[in-house]
Amino acid sequence: MLKKPLAWIRQVFNSQNSTRIKIINILGTIICAFVLIWLILRFLPYPQLRQFQARPYSVRYYDRYGMLLQITPLNDGLRREKPQEIPKHVKDIFVFAEDKRFYRHIGIDVFALVRAVSQNITMGRRVSGASTITMQLARIISQPGSRQTPGSKMAEMFNAMRLEARFSKNEILEMYINSLPFGFSAEGAASAARTFFSGELDMLSGAQLFCLAVIPRRPAFYNPLENPANCAAAAAGLQKRLKDNKKLAKKWPLLAQIDERDFQFALDSSRRFQYPFEMPHFIRFVDSQVNSGIGEIHLSVDLALQRYLENEIAGNVAMFYRSRLNNASAIVIDNESGEILAWVGSADFFNTETAGQVDGVLALNQPGSIMKPFLYAMALQNGFYPSDVIADVPMTFGDTEIYFPQNFNNRFNGPILFRASLASSLNIPAVYLLYRLGVRNYTLNLLSLGFDSVEKSADDAGLGLALGNSPVSLMELVRGFSVFPRDGVYLPLTFEQGKENKGRQVYTANTSRIICSFLSDSSARVLAFGQGRNFRTSFPAIFKTGTANQYQSIVALGATMKYTAGVWMGNFTGETVMDRTGSSIPAALVRNTLNVLHEAHSGFLLDFNTPDDWHIRRICAVSGMEPSDACLSIVNEYIHQNEDKRTCTWHRIVNGRSETTYPAEYQSWFTVSVRQGSLDHSSRPLEIINPREGFVYLSSRGIGMDEIPVEVIGGGGDILHVTHNGEIFNVSRPFVFLLTRKTGTNVLNVRNEDEEHTIVFTVEP
């Protein structure tokens with residue numbers, strides 16, 4: 001074949017110079033023209049192509065064990081899947097069906113075009129087309145569904161050559177197969193294989209593939225669901241032509257051997273696929289985070305655990321529906337990897353009356369006392385010890401806005417050990433700690449734990465931040481709580497299985513281990529929760545609960561060394577929950593979830609780590625000091641090896657009996673009811689503890705609040721000399737009295753022996 005061209009080239013170079021130059025110039029001009037045309041075709045702006053390539057694809061989501069969760073629909077329910085790889089025999093069947101010379105033309109098949117024109121002229125009507133696969137793709141890109149005209153056909157041919165100049169044959173073929181419309185809201189062969197045959201493209205039989213190949217010609221006429229006979233006839237005809245083609249029959253003998261029974265089986269196996277709709281809230285979240293061009297994602301979640309949680313939540317919500325508890329959400333994570341194992345956004349995604357499509361894992365709600373472990377951890381980081389005693393007594397805080405925190409039972413407990421104040425979730429000690437540590441410092445600590453939602457609301461919450469008055473999400477809570485069994489390391493959550501995840505140290509390992517000791521101590525919870533059967537497990541676990549907004553938001557968290565689980569219950573519509581529906585309900589769900597994980601993965605039965613350089617020692621349960629012979633209540637607590645513990649000074653033996661002497665700051669608690677013991681007023685300097693410097697009061701305006709309560713502690717004498725705006729009077733112990741509410745600036749001075757204290761407060765009109 002090459003003899004004549006080679007001879008002609010030799011003749012050109014052997015000819016005279018002038019002739020040779022002319023011929024070379026002509027060849028050069030032709031080559032330059034071809035290069036110019038190629039450059040125009042390749043680089044001429046093609047905005048429709050850019051839009052086409054940017055189209056989103058449906059994403060196939062699987063759980064960690066390969067169970068299909070969802071194939072996300074696009075607009076109007078359309079599904080357009082992008083297979084990981086299109087098998088070669090699938091490509092060849094579509095090429096054979098639509099464009100046998102696909103690999104030999106430049107986008108336009110001149111031979112097919114001439115044949116089609118001839119046949120159409122002869123018959124006087126259109127009986128044959130000459131569209132190549134590349135031309136069909138150009139039509140899909142630029143004019144999907146439009147009526148063809150001579151002008152549009154010319155544009156189609158031009159665009160086909162542009163595609164050929166830009167892409168390889170294989171790339172063009174893959175774009176074509178992935179974009180063919182098959183009807184039934186399916187686009188692309190992968191979606192069609194699933195829609196019509198409930199299978200993956202690479203798992204279909206030869207007969208099923210021939211059926212697929214003919215559907216795009218007329219989807220309504222050839223689809224096997226509604227017109228199986230038409231589909232079978234067209235597919236069999238296509239297969240016969242392949243069988244008659246000796247080259248292809250030899251290449252794919254199995255395809256050539258397909259008979260009528262195979263097509264019948266293909267039609268019998270055809271049924272419309274029911275697309276799963278698992279984990280709608282979670283997949284909506286993931287879908288917003290990933291590139292839509294990804295064909296499939298294997299998530300970290302466990303579908304079996306997910307269904308268990310969904311059933312438990314639905315059952316509990318139904319049980320307490322009359323109490324206006326109409327929604328719940330849950331999330332479970334693996335502490336070691338940060339992988340999300342389950343995510344339930346609401347009790348019923350399709351329930352519009354209860355706003356079921358709101359994702360409770362991401363929704364912001366006031367968490368209540370469940371935030372306290374982070375505050376206590378920060379306190380341990382800043383010089384507090386587990387053996388410290390905090391005064392659970394009436395306290396007032398603030399300046400322009402006076403804050404008077406109260407415990408959940410409206411009672412005061414006097415001296416409380418650090419451990420018990422957290423485990424029993426007392427409010428006043430928590431607010432006191434935040435007052436000492438500073439709202440801004442605590443806010444920065446929460447931000448380092450991933451509580452991004454508090455950044456804007458923390459200042460408004462003020463000291464109420466200690467009691468969870470700043471809305472956060474359940475996802476933030478679970479992520480933050482998992483820091484404690486992880487020895488203080490913050491780890492971002494991930495939805496991808498096996499993804500490398502790097503953390504950062506937020507608390508020291510010892511701080512986190514001590515918090516785990518507090519929250520796993522059933523005896524320390526007795527004050528608030530009694531025996532707390534909802535916290536009982538056969539394996540080491542920590543728990544914390546919280547309620548807010550009159551039980552509109554009820555939350556529980558639980559963790560082992562391996563897993564952390566969180567459950568929120570309440571409603572998204574603003575109503576408060578009625579009757580006895582406290583945090584015990586989500587706590588039971590968290591406990592049951594950890595039990596299920598324990599039964600399925602018994603290998604995680606690990607105890608929490610013990611802190612280094614700390615030792616268990618006996619302390620007085622009242623003072624927190626080293627116990628003396630007079631101390632009647634003794635407990636064990638972690639004591640640092642460098643911690644200097646004094647022998648208890650609160651207890652002494654008098655006439656053979658133990659007597660307790662409380663420091664002066666317990667005055668209001670001690671005097672409110674009959675108690676055993678006494679107060680050591682001289683243990684504190686003279687101090688006005690209510691009101692405080694800068695307090696601003698409103699005038700009573702006739703609502704029966706004409707007086708301001710005052711409390712003074714400390715001092716060595718029993719008589720207090722008081723001066724209020726020039727008015728002088730004396731008060732005997734205890735130094736608790738009332739002042740007349742006077743509009744304007746108020747100056748209050750108190751004196752006891754050689755000590756005195758002065759404050760200024762304001763009463764606004």
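Structure's up top.
Residues numbered from 1 in each chain as written. Predicted model: local features only at pLDDT ≥ 70, side-chain atom pairs only at ≥ 80, totals over all residues. Heavy atoms only, no water.

**Q** Would you mind showing me how to read unusual backbone geometry here?
**A** Backbone phi values are negative for most residues with the exception of glycine, while trans is the configuration of most peptide bonds. For the peptide bond that leads from Asn-690 to Pro-691, omega is 0 degrees, which places it in the cis range. Tracing the backbone shows Pro-691 in the loop between β25 (687-690) and β26 (696-698). Geometrically, the link from Arg-733 to Pro-734 is a cis peptide bond, its omega value of -5 degrees lying close to zero. Although it is not a glycine, Met-279 adopts a positive phi angle of roughly 50 degrees. By secondary structure assignment, the location of Met-279 is in the loop between α15 (260-268) and α16 (280-287). In the Ramachandran plot, Asp-613 falls in the positive-phi region, its phi being about 65 degrees despite a non-glycine side chain. Of note, Asp-613 is situated in the loop between α26 (584-600) and β20 (614-620). The exposure class assigned to Asp-613 is partly exposed, which follows from its relative accessible area of 40%. (Helix = DSSP H or I, 4+ residues; strand = E, 2+ residues; numbered from the N terminus. Buried < 20%, exposed > 50% of the residue type's maximum accessible area, 1.4 Å probe, protein only.)

**Q** Which parts of the structure should I look at to understand the side chain of Ser-387?
**A** Topologically, Ser-387 is positioned in the loop between α18 (372-381) and β10 (389-392). Exposure remark for Ser-387: the relative accessible area of 2% places this residue in the buried category. A polar contact is formed between the side chain of Ser-387 and the side chain of Glu-643, at a distance of 2.9 Å. A polar atom in the side chain of Ser-387 sits 2.9 Å from the side chain of Lys-645. (Polar contact = N/O pair within 3.5 Å; in protein donor to acceptor, adjacent residues only side chain to side chain.)

**Q** Whenever I open this one, the pairing of strand β18 (residues 553-559) confuses me. Can you help?
**A** The element β18 is extensively covered by neighbouring structure, given that seven of its seven residues are classed as buried. Relative to β18, strand β17 (residues 542-548) runs antiparallel, the two sharing seven bridges. Looking across to β18, one finds that Ala-548 is bridged to Ser-553. Taken together, the seven bridges between β18 and strand β19 (residues 563-570) define a ladder with antiparallel strand orientation. (Pairing = 2+ DSSP bridges.)

**Q** How do you make sense of helix α12 (residues 228-244) when you look at a structure like this?
**A** Residue pairs three or four apart in sequence face the same way in an α-helix, which turns once every 3.6 residues. Under the 1.5 Å per step criterion, the end-to-end length of α12 is 24 Å for 17 residues, consistent within 8% with the ideal 24 Å. Those residues of α12 not exposed but buried are Cys-231, Ala-232, Ala-234, Ala-235, Leu-238, Gln-239 and Leu-242. Residues of α12 that are buried in the fold lie against α4 (88-98), α10 (206-214), α11 (219-222), α13 (246-251), α14 (253-256) and α15. (Expected span 1.5 Å × (residues − 1). Contact = heavy atoms within 4.5 Å.)

**Q** Help me understand the side chain of Thr-132 in this model?
**A** Position of Thr-132 among the secondary structure elements: in the loop between α5 (110-123) and α6 (133-142). A polar contact is formed between the side chain of Thr-132 and the backbone nitrogen of Met-135, at a distance of 3.0 Å.

**Q** Explanation requested: the packing of helix α21 (residues 439-448) against helix α22 (residues 454-461) in the structure shown.
**A** Packing of α21 against α22 leaves a shortest axis separation of 10 Å and a crossing angle of 155 degrees. In terms of orientation, α21 lies roughly antiparallel with respect to α22. Note that α21 runs across α22; the crossing there is right-handed. Contact residues: α21 offers Val-439, Thr-443, Leu-446 and Leu-447, while α22 offers Val-454, Glu-455 and Ala-458. The class makeup of the residues in the contact of α21 with α22 is five nonpolar, one polar and one charged. (Axes fitted to C-alpha atoms, helices over the stretch in contact; angles between N-to-C directions. Parallel < 35°, antiparallel > 145°, perpendicular 65-115°, else oblique. Left-handed = near helix turned anticlockwise from the far one by under 90°. Nonpolar A, V, L, I, M, F, W, Y, C, P; charged D, E, K, R; others polar.)

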